[in-house]
Amino acid sequence: MATSSLEQVFCNQEVVDAIIRVLGEDLRQTSPTPGKWKQHLVPLLAVSKNFFYASIDQLWESMDSFLPCIRLLPPVEEVPSPETLIEALQGDIWIRFSIYSTRIRSLYITDDTESFSAWFTMIASHASSLNVLFPRLRHLFLRSTDALATLLLSKFAAQLVGCSIGPLDNDSKASNFTTTSLVELSLKANNIEEINVTAPVQVGAAAYFSKVQGLRRLILRLTTPMEPAELLFLNRIPALSALYLDNGGAHWERRLLSQQAQEIEGVTTRALKSQAQFPTLLWYGVRGDGLSQFDAARVLAPTSLQDVRLDVSLTGSDTIVLLPHVLRIYLERCKSSIQTITVTSDPGVRESAVPLDLLLSMDPLIHKIPEFLTALSNATQLSEIIIYKVPFFDNDIISKIIDIIPNLPHLVHLTVRPTTLSGQDAMVYPTLASLDTISTRCPSLKYLNAPIDLANVPPLPQRSPRMPQLSVVCMDIGSKSGTQMVPISQLIAVGRYLATAFPNLNVLEPIKNDDPEHIAFWRNLEDLVRSYHDNRARAIQELSMVPG
């Protein structure tokens, strides 16, 4: 009876489809190498007809090359002529091809198919068949400028919901291809929601994006900068909700002129009062040096942002001193809506030093930290703050940020690990005592990552076993001197303090260090914290058993 029921289940195509879909998703997430997970589904092709169709749905849903499609067709030399093949379009060749091609939803076009130009000529001569062969295609990734890429985009632009152009070489051929592709999308892509361009573009390209009325997400990684005036064309996209700008490496070696430095404050003030742009924009990211960041903030001037990400280039440019101005613009203009802000050093660019005398010449720019901190304190809807490896001209910036965190009651994630332009040895670190107010004023906080000086342990904060437990569950508080080995008595004191201030703390993550003593220090500290949790739990249990 059980076998019969099982057979009935596996005879139901919808049930088998659901099983294989869940299995495929699990394999994708757990596979250490992209694409390798498909090997585990191949044996299922031979189980039954239902398993075959369910498996090829997963195996062919996303193809990182057009080459497997070509290999479904016979060698060109076996075909008398393209005309003969076209007449046999409904024959065995195309039936076999369509079994697989009709499953494809995402397709990458790369330069590994150039040797199959004869097939592309045949396909182009009967292009109407493409819509029958690829009815589910929704995402097209163009990483080649050959004829196949142009043909497929022309045919499928109307049914795409996403299109990626590049990465492509920085030459005239790639630039012309990008422009042609954008024209196709602006004329035909009525259903497209996301466009990603990593390629050179010609002047005026922003106008094509503005004609794609349904566009919601736009990612521009440009090899040449797009002027601020042209960026304003993007404001004409009515539904744009997410925008990422990498405005070209040409900006990364610029220097601020003395006259520019004196005018920045006035420009910032005008930006704070300027008319709102991009009313539907919720997510905004920018990659570039300080001046690129400043241009993007003041020109686009959105007021409805919920998420901001700044990838700051550190290539010796003194424009980094503009960062507090940039942050102030976003925080003040979006103070009622902004929820997350992420500011990190650009991982793709090596940091280099900036001469101190050059930075000092930027006065009064370097003294604008208070305005930024005030704006941060007023952005009370923030739930996530990440400031990581970006320099400030203030040795005490970490402590100042930590001091205003209690004003942000909705905060869930906090990472504050900036550097200082004066040198890391000059950085002043906050003490354990500064965490006490955070532990009582930020009830939603679950993750805290900041360098804390563990040298001085304050008296234990007052915490009743019956008081509601706070939400901090993970903490990374690397100390001022790295490992900063301390006596066991101080270790016990630190563990007791953290366990008392953060009753839910159960994970301590030390900064990366292979030193065995360093690892042992953090393991011992975590064991101590957990032991205090156990004692607290027993105290609560005993109190609950006391009558009355």
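Residues numbered from 1 in each chain as written. Predicted model: local features only at pLDDT ≥ 70, side-chain atom pairs only at ≥ 80, totals over all residues. Heavy atoms only, no water.

Caption draft 1: Expanded view of the overall build of the protein. Scanning the protein from terminus to terminus reveals 21 helices and 15 strands. Going through the 548 residues of the protein one by one, you find that 50% of them count as buried. Across the protein, the fraction of contacts at a sequence separation of at least 24, relative to all contacts at a separation of at least 6, is 78%. Here the protein displays about 25600 Å² of accessible surface, and carbon together with sulfur accounts for 54% of that area. (Helix = DSSP H or I, 4+ residues; strand = E, 2+ residues; numbered from the N terminus. Buried < 20%, exposed > 50% of the residue type's maximum accessible area, 1.4 Å probe, protein only. Contact = heavy atoms within 4.5 Å. Areas by Shrake-Rupley, 256 points an atom, 1.4 Å probe, with all protein chains shown as cover.)

Caption draft 2: Up close: the pairing of strand β11 (residues 384-392). In terms of strand pairing, strand β10 (residues 340-345) meets β11 through 5 bridges, oriented parallel. Its bridge partner lying in β11, T344 is registered against Y388. Alignment of β11 against strand β12 (residues 413-420), held across 7 bridges, turns out to be parallel. Counterpart to I386 in the pairing with β12 is T415. Where the polypeptide runs from β11 across helix α18 (residues 397-404) and back to β12, its parallel neighbour, the crossover connection is right-handed. (Pairing = 2+ DSSP bridges. Right-handed = clockwise from strand over helix to strand, strands pointing away.)

Caption draft 3: A look at the packing of helix α15 (residues 323-333) against helix α17 (residues 369-378). At their nearest, the axes of α15 and α17 sit 9 Å apart, and the two run at 25 degrees to each other. By the criterion of interaxial angle, the relationship of α15 to α17 is roughly parallel. Here α15 and α17 pass one another in a crossing that is left-handed. Within the contact between the two elements, α15 uses P324, L327, R328, L331 and E332 and α17 uses I369, E371, F372, A375 and L376. (Axes fitted to C-alpha atoms, helices over the stretch in contact; angles between N-to-C directions. Parallel < 35°, antiparallel > 145°, perpendicular 65-115°, else oblique. Left-handed = near helix turned anticlockwise from the far one by under 90°.)

Caption draft 4: Geometry of the environment of L222. Considering the arrangement of structural elements, one finds L222 in the loop between β6 (217-221) and α12 (228-231). For the pair L222 and T198, spaced 24 residues apart in sequence, the C-alpha to C-alpha distance is 5.8 Å.

Caption draft 5: Structural view of helix α9 (residues 147-156). Taken residue by residue, α9 has L148, A149, L151, L152, L153 and F156 as its buried positions. Capping of α9 at its N-terminal end is provided by D146; its side-chain oxygen lies 3.2 Å from the backbone amide nitrogen of A149. (Polar contact = N/O pair within 3.5 Å; in protein donor to acceptor, adjacent residues only side chain to side chain.)

Caption draft 6: Structural detail: the environment of S439. Mapped onto the elements, S439 comes out in helix α19 (residues 435-441). Classification of S439 as buried rests on a relative accessible area of 2%. Linking S439 and P461, residues 22 residues apart in sequence, is a C-alpha distance of 9.9 Å. A polar contact is formed between the side chain of S439 and the backbone oxygen of D436, at a distance of 2.5 Å.

Caption draft 7: Structural view of the pattern of salt bridges. Under the definition given, this model contains 9 salt bridges. Between E194 and R217 there is a salt bridge; the shortest N-O distance is 2.9 Å. Placement of the pair is E194 in strand β5 (residues 194-197) and R217 in strand β6, with a sequence separation of 23 residues. What makes E194 partly exposed here is its relative accessible area of 28%. The shortest N-O distance in the salt bridge between R298 and D295 comes to 3.3 Å. Taken together, the positions of R298 and D295, both in helix α14 (residues 290-300) and 3 residues apart, correspond to about one turn of that helix. Within the structure, one salt-bridge network assembled from shared partners comprises D57, R103 and R136. (Salt bridge = Lys/Arg side-chain N within 4 Å of Asp/Glu carboxyl O.)

Caption draft 8: Focus on the side chain of T179. Structurally, T179 is set in helix α10 (residues 172-188). A residue is classified by how much of its surface remains accessible, and T179, at 15% relative accessible area, is buried. Not counting the four nearest positions on each side in its chain, T179 is found in contact with Q202 and Y208.

Caption draft 9: Structural detail: the confidence of the model for the protein. Considering every residue of the protein, the mean pLDDT works out to 76; 70% of them sit at 70 or more. The low-confidence segment residues 480-484 (pLDDT under 50) makes 14 contacts with residues lying over four places distant or belonging to another chain. (pLDDT = per-residue confidence, 0-100.)

Caption draft 10: Representation of a nonpolar patch on the surface. A contiguous nonpolar surface patch, about 200 Å² in accessible area, is contributed by F10, V15 and I19. With respect to the secondary-structure elements, I19 resides in helix α2 (residues 13-30). The class of I19 is partly exposed, set by a relative accessible area of 39%. (Patch = residues over 30% accessible without salt bridge, like charges linked within 9 Å, V, L, I, M, F, W, Y side chains within 5 Å.)

Caption draft 11: Representation of the packing of aromatic side chains. With the rule as written, the count across this model stands at 10 aromatic pairs. Between Y108 and F141, the aromatic rings sit 4.1 Å apart at their centres with planes inclined by 5 degrees, giving stacked as the arrangement. You can see Y108 sitting in strand β2 (residues 106-109) and its partner F141 sitting in strand β3 (residues 139-142), a full 33 residues away along the chain. Across the pair, F141 and Y108 agree in class, each one buried. Ring plane angle 20 degrees and centroid distance 5.9 Å describe the contact between F372 and F392, whose orientation is recorded as stacked. Of the two residues, F372 sits in helix α17 while F392 sits in strand β11, which places them 20 residues apart along the sequence. F392 shares its class with F372; the two are buried. (Phe/Tyr/Trp six-rings, centres within 6.5 Å; stacked < 30°, edge-to-face > 60°.)

Caption draft 12: Representation of the pairing of β3 within the structure. The pairing of β2 with β3 spans 4 bridges and is parallel. If you follow I109 over to β3, its bridge partner there is L142. Sheet topology places β3 next to strand β4 (residues 162-165); 4 bridges connect them, and they run parallel. Paired with H139 across the bridge in β4 is G162. The parallel pair β3 and β4 is bridged by α9, and the resulting crossover is right-handed.

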